[in-house]
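Given next are the chains, with one letter for each unit.
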Amino acid sequence: MVYEILMVLFFLLTGFLASGLGAIPASSSNIAVITTTLDKTFAKGFQITLGAGVGSVVLAFIALLYSQVFTDFFEDNPWVQYTILFIFFSIGVLILLRNLINMDFENPLSEDNRIGNFSKGLLLAFINPPALIFWILIISICNTYLFAISKFSPVLNLACLFIGIFFGKVTTLYFYGKMSKKLGKKKNKKHPIVLNLIGIALILGSIVQFIRMLLDQ
């Protein structure tokens, strides 16, 4: 009985730490939470956070079911990941150089639209192929060094892993939103510092993901 409880807690903690740490680098979800909190309210930004949390769980579940299929696809088509990273990197560069090229950036991720903030967070979680690779890597590490996990694992263990993943993502993005709220009290949404932070986050996040991909090869 004690062993089962410890394993449940272990699955929960593993999912929480992996998801929380994996959410730190800049991504479309992070940027959406930041810009929505700055331009709208913390509550609307948190709705995106919840959607992104559910999206992370779905990605992890897909990675668990079809890890080998996706691994083969990305190995055969590395241009997909590199293209998306290049787009993020380019947007970050354009934001930092906006004054030189006379570009006025709005925050489209913070705009209200028909899909709603929760759905926006859910969709943005999927527009990030490196995240799928990340979960495939985490599952591989778990199977090699920690514990055996597959779609045939006990339901309780899988449930705890996914619950941990959800709360890990939500916790990290929650703190992103809180920091943005504090920043928003002092700075206008078009203040150069805010845009510079977004640009730097996109560039650094792209570089980190690029290095991670090179090391995985």
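Preceding this paragraph is the structure being described.
These lines cover the structure that appears in this document, whether it is placed above or below.

1. A look at the overall build of the protein
Counting its secondary structure elements, the protein contains eight helices and zero strands. When its helices and strands are written in sequence order, the protein yields α-α-α-α-α-α-α-α. By the burial criterion, 45% of the 217 residues in the protein qualify as buried.

2. Observations regarding a nonpolar patch on the surface
A surface patch of nonpolar side chains, about 1,000 Å² in accessible area, is lined by Ile5, Leu6, Leu9, Leu12, Leu13, Phe16, Leu17, Leu21, Ile24, Ile163 and Phe167. Examining the composition of the nonpolar patch, we find that eight residues originate from one element, helix α1 (residues 2-22), more than from any other.

3. A closer look at the packing of aromatic side chains
Across all of its chains, the model carries seven aromatic pairs by this definition. Here Phe42 and Phe46 contribute two aromatic rings whose centre-to-centre distance is 6.2 Å and whose plane-to-plane angle is 20°, an arrangement assigned as stacked. Placement of both Phe42 and Phe46 in helix α3 (residues 42-76) is noted, with a separation of four residues, approximately one turn of the helix. The interplanar angle of 85° and the centroid separation of 6.1 Å between the aromatic rings of Phe46 and Tyr174 together place this pair among those described as edge-to-face. Of this pair, Phe46 sits in helix α3 while Tyr174 sits in helix α7 (residues 155-186); the two residues are 128 residues apart in sequence, bridging distant segments of the chain. Positioned above the aromatic ring of Phe42, the side-chain terminus of Lys178 is 4.8 Å from the ring centre.

4. With respect to the nonpolar core
Core analysis: the biggest nonpolar cluster contains 27 residues, and Phe11, Trp135, Ile149, Phe162 and Ile165 have the highest contact counts within it. No other element matches the nine residues that helix α6 (residues 129-146) contributes to this core. In this structure Phe11 touches Phe147, Ala148, Ile149, Asn157, Cys160 and Leu161, once residues within four positions along its chain are discounted. With nine residues, the next largest nonpolar core counts Ala32, Ile48, Ala52 and Tyr176 among its residues.

5. Thoughts on helix α5 (residues 116-126)
The complete set of buried residues in α5 reads Asn117, Lys120, Gly121, Leu124 and Ala125. The buried residues of α5 all sit within an arc of 135° when viewed along its axis, so they share a single face.

6. Observations concerning the environment of Tyr66
Along the chain, Tyr66 turns up in helix α3. Between the alpha carbons of Tyr66 and Lys151 there is a distance of 9.6 Å; along the sequence they are 85 residues apart.

7. Observations regarding the side chain of Thr49
Take Thr49: it is sitting in helix α3. Given the relative accessible area of 1%, Thr49 is considered buried. Non-local contacts of Thr49, meaning those with residues more than four positions away in its chain, are made with Val33, Val170, Leu173 and Tyr174.

8. Focus on the environment of Trp135
With respect to the secondary-structure elements, Trp135 resides in helix α6. When sequence neighbours within four positions are dropped, the list of residues in contact with Trp135 reads Ala18, Ser19, Ser56, Leu59, Ala60, Ala63 and Ile165.

9. What about helix α2 (residues 28-39)?
Over its twelve residues, α2 extends 16 Å from the first C-alpha to the last, a length consistent with the 16 Å expected when each residue adds 1.5 Å. Counting buried positions along α2 yields twelve of twelve residues, so the element is predominantly enclosed. Regarding α2, the residues found buried are Ser28, Ser29, Asn30, Ile31, Ala32, Val33, Ile34, Thr35, Thr36, Thr37, Leu38 and Asp39.

10. Quick word on the environment of Leu123
Turning to its location among the elements, Leu123 is positioned in helix α5. As a C-alpha pair, Leu123 and Ala52 span 71 residues in sequence and 7.7 Å in three-dimensional space.

Cut-offs applied
- Residues numbered from 1 in each chain as written.
- Predicted model: local features only at pLDDT ≥ 70, side-chain atom pairs only at ≥ 80, totals over all residues.
- Heavy atoms only, no water.
- Helix = DSSP H or I, 4+ residues; strand = E, 2+ residues; numbered from the N terminus.
- Buried < 20%, exposed > 50% of the residue type's maximum accessible area, 1.4 Å probe, protein only.
- Patch = residues over 30% accessible without salt bridge, like charges linked within 9 Å, V, L, I, M, F, W, Y side chains within 5 Å.
- Areas by Shrake-Rupley, 256 points an atom, 1.4 Å probe, with all protein chains shown as cover.
- Salt bridge = Lys/Arg side-chain N within 4 Å of Asp/Glu carboxyl O.
- Phe/Tyr/Trp six-rings, centres within 6.5 Å; stacked < 30°, edge-to-face > 60°.
- Lys NZ or Arg CZ within 6 Å of the ring centre and 35° of its normal.
- Core = buried A, V, L, I, M, F, W, Y, C linked by side-chain atoms within 4.5 Å.
- Contact = heavy atoms within 4.5 Å.
- Arc of directions from axis to C-beta.
- Expected span 1.5 Å × (residues − 1).

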